[in-house]
Amino acid sequence: MLNIFARDSISRLTDPVGASLVRLGLTPNAVTVTGAVVSTGAALWFFPRGQLFAGAAVLTVFLLFDLLDGAMARAGGKASPYGGVLDATCDRIVDGALFGALAWWSLVVDGNSTRGAGLLVCLVAAQVISYVKARAEANGFDANGGLAERAERFIVVLVGAGLHGLGVPYVLDVAVWLLVVLSALTVAQRLLAVRRKYVATRQG
């Protein structure tokens, strides 16, 4: 949902930075992998240790790499199908590390099985949302959009984790269960969108 309203504004900020990185000799794929490695490492290092604010802060910074690789590809004319597959793969790894690390901390360290279960649902839902899109595109349909695309999911969970790390009570629990609901709705939205397009092609 944020992609619809913020894409142009964000591109105006990231495109000049992307062009500068291309001039320095960096490639979009290198930035994609670097951001994924550091983000995954930060999630697995900070969150299981209960350092939620530090983890959220570091992840927020390095997840910006996910915006820069696209800007670099546009600036250098190096967008490719392989780059898209690499980017999507790295995204899924980071998603798994983020929600998995928070689930581990909630279940094993903090002893909150309810929140931990919610985080596991978020982990699975993040993969399913992406899978619906990939399968739809493989069959010639679009399945973009929804209430909780990747940007929204990260905003909700990282804000919740960061504020929890600062001692704000219940905020992470609220964020997790809000995200459970939004993720389920997003899966349903994408499936319904694909079904409508499929039915339209059959009728046409």
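The shown structure was predicted, so the numbers you read here are calculated from the model rather than taken from an experiment. (Residues numbered from 1 in each chain as written. Predicted model: local features only at pLDDT ≥ 70, side-chain atom pairs only at ≥ 80, totals over all residues. Heavy atoms only, no water.)

Student: Is there a simple way to explain the packing of aromatic side chains in this structure?
Tutor: The way to describe two aromatic rings as a pair is by their centre distance and the angle between their planes. Counted according to the given criterion, the structure contains one aromatic pair. For Arg 49, the ring lying beneath its charged end belongs to Trp 45, and the centroid distance is 4.0 Å. (Phe/Tyr/Trp six-rings, centres within 6.5 Å; stacked < 30°, edge-to-face > 60°. Lys NZ or Arg CZ within 6 Å of the ring centre and 35° of its normal.)

Student: I keep staring at unusual backbone geometry and nothing clicks. Help me out?
Tutor: Leaving glycine out, the prevailing phi sign among residues is negative, and the prevailing peptide bond configuration is trans. For Tyr 170, which is not a glycine, the phi torsion comes out positive at approximately 70 degrees. Here Tyr 170 shows up in the loop between helix H7 (150-165) and helix H8 (171-203). (Helix = DSSP H or I, 4+ residues; strand = E, 2+ residues; numbered from the N terminus.)

Student: Please explain the pattern of salt bridges as it appears in this structure.
Tutor: Close approach of charged atoms allows side chains with opposite charge to pair. Counting across every chain of the model gives six salt bridges. Residue Asp 91 pairs with Arg 150 through a salt bridge whose shortest N-O separation is 3.3 Å. One end of the pair, Asp 91, is in helix H5 (residues 81-109); the other, Arg 150, is in helix H7, with 59 residues separating them in the sequence. For Asp 91, a relative accessible area of 11% corresponds to the buried category. Across the pair Arg 92 and Asp 95 runs a salt bridge, and its minimum N-O distance is 3.1 Å. Taken together, the residues Arg 92 and Asp 95, both in helix H5 and three residues apart, mark about one turn of the helix. (Salt bridge = Lys/Arg side-chain N within 4 Å of Asp/Glu carboxyl O. Buried < 20%, exposed > 50% of the residue type's maximum accessible area, 1.4 Å probe, protein only.)

Student: So what exactly am I meant to see when it comes to the UniProt feature "binding site: Mg(2+) 2" (unreviewed entry) in the protein here?
Tutor: Listed under "binding site: Mg(2+) 2" (unreviewed entry) in the UniProt record, and renumbered for this structure, are Asp 66, Asp 87 and Asp 91. The greatest C-alpha distance among the residues just named is 8.2 Å, despite their covering 26 residues of sequence, which places them together in space. Residue Asp 66 is classed as partly exposed on the basis of its relative accessible area of 26%. Contact partners of Asp 66, with chain neighbours within four places excluded, come to Asp 87, Asp 91 and Arg 150. Here Asp 87 shows up in helix H5. (UniProt positions renumbered as here; feature names shortened; annotations may be inferred. Contact = heavy atoms within 4.5 Å.)

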